[in-house]
Number of protein chains: 2
Amino acid sequence: MVALDTMKEQTPDTSKSRLRLWINLLRASRFIEAEIRDRLRREFDVTLPRFDVMAALYRQPDGMMMSQLSRYLMVSNGNVTGIVDRLVKDGLVLRSQRDGDRRTWIICLTINGTKSFETMAAAHEQWVNELLQDFTGEEADELQLTLARLSSDWERKE
Amino acid sequence: MVALDTMKEQTPDTSKSRLRLWINLLRASRFIEAEIRDRLRREFDVTLPRFDVMAALYRQPDGMMMSQLSRYLMVSNGNVTGIVDRLVKDGLVLRSQRDGDRRTWIICLTINGTKSFETMAAAHEQWVNELLQDFTGEEADELQLTLARLSSDWERKE
């Protein structure tokens, strides 16, 4: 009889503490994500995956390969392909072949794509600033470093 | 020109710190969730939403209304209904009418459902314990309390 945080007797306290941490991390993350998803749709008529793809491309002005983009976003290639197709159609993303390699496509934001993303990103930053207002800058930096350390540990193990 | 954490000039540092925190919180949460989703499917042939529904019911031995369950899980009623239908068919969940109210259904785990969940929950706790091994018990408790405080702030505002 050991389940979530309802029983404490049979496993070490540390394991229960980590489980409670995970449950609260997940709840916080889902809440903020749902809030951002709603606001992106309401204010910019944009889905969260589309925003995520544009954010990834914005960080790489020289462009990304589809496989890099998928890995970065941790979603299936199929989904990313559909999103990129629509972005290309809307004139926000450019798809070009890499020199000397006709099989490899590089994608990047167009000037319009960059402008469009910057407008959304400014609003996004304000929303996050408001949602996480209980954290001081110092607390946020400290926690962020811990989480970044975890992520890089996991990525090394993959 | 303000986007994610690539530019620092035009907004206060605190807002950038909170944005970096959110990006790392989301990455950590997605990574752990994907890992748990994989392991649940591989070891128990169970989807994560199904596990989540069973976890919610396990915490409420007296049963829950469908609307409570949906709110708790922050997913659409439609999804939860489908999952509960399958759990009832598999003999893991019982659906019964509340006394004096023929329109309200109460659902709870059966004895088999409880046993099945406890087996999975014990494995789940071990996985989380391993994935978050970089946090000491004290660090986990401290961070968990901060996140729980945030969540209750948001819930009050809803």
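Residues numbered from 1 in each chain as written. Chains lettered and ligands numbered in written order. Predicted model: local features only at pLDDT ≥ 70, side-chain atom pairs only at ≥ 80, totals over all residues. Heavy atoms only, no water.

Further remarks concern the overall build of chain A. Scanning chain A from terminus to terminus reveals six helices and three strands. Taken across its 158 residues, chain A has 48% of its residues classed as buried. A separation threshold of at least 6 residues defines the contact pool for chain A, and within that pool the share at least 24 residues apart is 46%. When the accessible surface of chain A is split by element, carbon and sulfur atoms take 48% of a total near 8,600 Å². (Helix = DSSP H or I, 4+ residues; strand = E, 2+ residues; numbered from the N terminus. Buried < 20%, exposed > 50% of the residue type's maximum accessible area, 1.4 Å probe, protein only. Contact = heavy atoms within 4.5 Å. Areas by Shrake-Rupley, 256 points an atom, 1.4 Å probe, with all protein chains shown as cover.)

All names here are of chain A. Inspection of the entire model under this criterion finds six aromatic pairs over all chains. Between Tyr58 and Phe117 the ring centres are 5.0 Å apart and the planes differ by 40 degrees, which places this aromatic pair in the tilted class. Here Tyr58, found in helix α2 (residues 48-58), pairs with Phe117, found in helix α5 (residues 111-131); they are 59 residues apart in sequence, far enough to count as distant. Side by side, Tyr58 and Phe117 carry an identical accessibility label, which is buried. Each member of the aromatic cluster is reached from another via a ring pair, and the members are Phe51, Tyr58 and Phe117. (Phe/Tyr/Trp six-rings, centres within 6.5 Å; stacked < 30°, edge-to-face > 60°.)

Here we take up helix α2 (residues 48-58) of chain B. Burial of α2(B) is extensive: ten of the eleven residues sit out of reach of the surface. Every buried residue belonging to α2(B) is among Leu48(B), Arg50(B), Phe51(B), Asp52(B), Val53(B), Met54(B), Ala55(B), Ala56(B), Leu57(B) and Tyr58(B), and all of these are buried.

The strand order across the open sheet built from three strands is β1-β3-β2 (chain A), with neighbouring strands paired in antiparallel fashion. Looking at strand neighbours, the two that pair on one side only are β1 (64-65) and β2 (93-98) of chain A, the edges of this open sheet. (Pairing = 2+ DSSP bridges.)

Moving on, we come to the packing of α2(A) against α5(A). Geometry of a packed helix pair, given as the angle between the helix axes and the separation of the axes. Residue and element names in this part refer to chain A. Interhelical geometry of α2 versus α5 gives an angle of 110 degrees and a closest axis separation of 10 Å. On the basis of their axis angle, the class for α2 and α5 is roughly perpendicular. Taken as a pair, α2 and α5 cross one another with a handedness that is left-handed. For the pair formed by α2 and α5, the contact residues are Phe51, Met54, Ala55 and Tyr58 on the first element and Gly113, Thr114, Ser116, Phe117, Glu118, Met120, Ala121 and His124 on the second. The class makeup of the residues in the contact of α2 with α5 is seven nonpolar, four polar and one charged. (Axes fitted to C-alpha atoms, helices over the stretch in contact; angles between N-to-C directions. Parallel < 35°, antiparallel > 145°, perpendicular 65-115°, else oblique. Left-handed = near helix turned anticlockwise from the far one by under 90°. Nonpolar A, V, L, I, M, F, W, Y, C, P; charged D, E, K, R; others polar.)

Residue and element names in this part refer to chain B. Applying the stated criterion across every chain yields a total of 18 salt bridges over all chains. Of the charged contacts in the structure, one is a salt bridge between Glu33 and Arg37, with a shortest N-O distance of 3.4 Å. Placement of both Glu33 and Arg37 in helix α1 (residues 13-44) is noted, with a separation of four residues, approximately one turn of the helix. By relative accessible area, which is 15% here, Glu33 ends up buried. (Salt bridge = Lys/Arg side-chain N within 4 Å of Asp/Glu carboxyl O.)

Along the chain, Asp141(B) turns up in helix α6 (residues 137-157). Take Asp141(B): its relative accessible area is 28%, and that puts it in the partly exposed class. With residues near it in sequence (within four places) discarded, Asp141(B) still touches Ser17(A) and Arg20(A).

The next subject is the sheet that holds strand β3 (residues 101-109) of chain B. Backbone hydrogen bonds hold the strands of a sheet together, and the pairing may be parallel or antiparallel. Residue and element names in this part refer to chain B. With respect to topology, three strands assemble into an open sheet ordered β1-β3-β2, the strand pairing being antiparallel. Where the open sheet ends on each side, the last strands, each with one partner, are β1 (64-65) and β2 (93-98). Bridge count for β1 against β3 is two bridges, and the pairing is antiparallel. Bridging from a neighbouring strand, Met64 pairs with Ile107 of β3.

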